[in-house]
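# Structure at a glance
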Amino acid sequence: MLSQLAQPEVSALLKRMESAAFAAAQHLLRSFSLGRMLEASRKADASIVTILDVESQGIIRRILGDDIAVIAEEDSSTHTHSGEKEYFLVDPLDGTSACKRFPGVEGGPVGYGPLIGYCRDHKLLAAAYVNVPTRKMYTAIRSQGAYEIPLLSWAASPCLSQRLRLRAQPRPLTESAAIFYPGLNGEIQALENLRRRLDLETTYRFGGFANDCVRLSTNCEQIGIQFSLKAWDLSAALIPAEAGLHVFTNPLSTAIALADFEVTAECAVLICQSEVSQVVLEAIR
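A brief structural summary. (Residues numbered from 1 in each chain as written. Predicted model: local features only at pLDDT ≥ 70, side-chain atom pairs only at ≥ 80, totals over all residues. Heavy atoms only, no water.)

## A short note on the overall build of the chain
Rules: The way it works is that DSSP assigns letters per residue, a run of H or I at least four long becomes a helix, a run of E at least two long becomes a strand, and they are numbered from the N terminus. C-alpha atoms define the radius of gyration in this analysis, and the globule rule sets the expected value at 2.2 Å times the number of residues to the power 0.38. Under the scheme applied here, a residue whose accessible area is under 20% of the maximum for its type counts as buried, over 50% as exposed, and between as partly exposed, the area being computed with a 1.4 Å probe on protein chains only. Every residue pair with non-hydrogen atoms within 4.5 Å of one another is taken to be in contact.
If you tally the helices and strands in the chain, you get nine helices and 15 strands. Taken against the 2.2 N^0.38 rule, which gives 19 Å for 285 residues, the C-alpha radius of gyration of the chain at 18 Å falls within 12% of a compact globule. A principal-axis box enclosing the C-alpha atoms of the chain has dimensions of 50 × 45 × 40 Å. Looking at the chain as a whole, 53% of its 285 residues are labelled buried. Restricting to contacts in the chain with at least 6 residues of sequence separation, those with at least 24 account for 62%.

Structure follows, in structure tokens:
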């Protein structure tokens with residue numbers, strides 16, 4: 001069994017991660033209030049990046065410090081830290097395209113914001129994410145739950161025990177919705193299989209992957225599919241896993257539970273209700 005973090009260690013790591021995510025989110029909100037232009041450029045993998053991605057990453061890295069290695073999306077020189085015993089995973093702005101299209105929006109289903117994960121021995125142990133449009137922070141700790149707190153409440157009193165604990169509620173598949181990213185690795189075919197074999201109610205997509213994970217954890221949707229996740233994106237999957245959903249990596253082949261998965265540069269993920277996980281796995285194949 002995976003050894004757990006000691007409570008004082010959890011508190012110290014979470015304080016750093018949450019402080020970094022909070023500071024980056026505040027920077028985004030200030031930038032929106034100033035009406036800054038969010039011109040984007042394309043990276044080598046065709047994804048887009050804005051100046052806010054870069055600035056947010058700088059803020060996060062300063063707060064995280066340099067005593068633990070950091071693998072950060074917008075710094076390719078950090079992408080080779082695979083030999084480290086422990087490291088942070090940083091996506092400074094998960095959902096960049098959504099941010100570019102909806103800067104400063106408040107509320108609604110579309111979410112984006114800074115995402116930070118913590119790994120030891122390549123196992124994902126903690127995650128912190130700020131959904132900027134909803135002004136809420138989400139935290140997950142391996143075997144200790146997933147939690148939600150408004151940003152203003154976190155700033156006043158970040159005590160974990162005072163937060164709302166997220167718990168997934170079962171729902172019939174015929175009344176379930178699937179949320180997804182329409183990539184090029186079989187996502188659309190998997191959705192077609194689900195609709196045809198399990199008669200799902202509907203499928204759709206909002207914002208970034210971390211937003212998907214939050215919506216699944218708060219029972220807005222019941223199934224999540226994305227087959228081209230980078231390591232820094234995977235951090236968000238700990239939120240639904242700790243809310244009681246099943247999270248499988250590489251679901252089209254070995255289907256490894258998130259708790260047993262050793263983080264790799266890229267992987268596929270299926271998230272679904274625990275009661276129907278085997279039926280869903282069979283359907284997407």
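## Concerning unusual backbone geometry
Of note in the backbone geometry, His122 takes a positive phi value of approximately 65 degrees without being a glycine. Tracing the chain through its elements places His122 in the loop between β5 (113-120) and β6 (123-131). Positive phi values are uncommon outside glycine, yet Arg135 reaches one of about 55 degrees. Mapped onto the fold, Arg135 is located in the loop between β6 and β7 (136-141). Classification of Arg135 by relative accessible area gives partly exposed; the value is 22%.

## As for the layout of surface pockets
To keep it simple, the criterion reads: Whether a set of points on the 1 Å grid over the protein atoms alone is a cavity depends on a 1.4 Å probe fitting there but being unable to get out, while an open set qualifies as a pocket with protein on both sides within 12 Å along at least five of seven lines; lining residues are those with an atom within 4 Å of a point. Grid points are joined across faces, edges and corners, and a volume is the space filled by probe spheres set on the points. Gly falls in the polar group here, along with every residue not listed as nonpolar (Ala, Val, Leu, Ile, Met, Phe, Trp, Tyr, Cys, Pro) or charged (Asp, Glu, Lys, Arg).
Considered as a void within the structure, the largest pocket measures approximately 1,000 Å³ in volume. Contributing to the lining of the largest pocket are 38 residues, with Ser47, Ile48, Tyr181, Gln226 and Asp233 lying nearest its centre. Taken together, the elements giving at least two residues each to the lining of the largest pocket come down to β4 (86-94), α3 (96-101), β12 (223-230) and α7 (231-234). By residue class, the composition of the lining of the largest pocket is 14 nonpolar, 11 polar and 13 charged. Ile71, His79, Ala231, Thr264 and Ala265 are, among the 12 residues lining the second largest pocket, the residues nearest its centre. Looking at the lining of the second largest pocket, the elements with two or more residues in it are β4 and α7. In terms of residue class, the lining of the second largest pocket is made up of seven nonpolar, four polar and one charged.

Geometric values such as these leave the question of function open.
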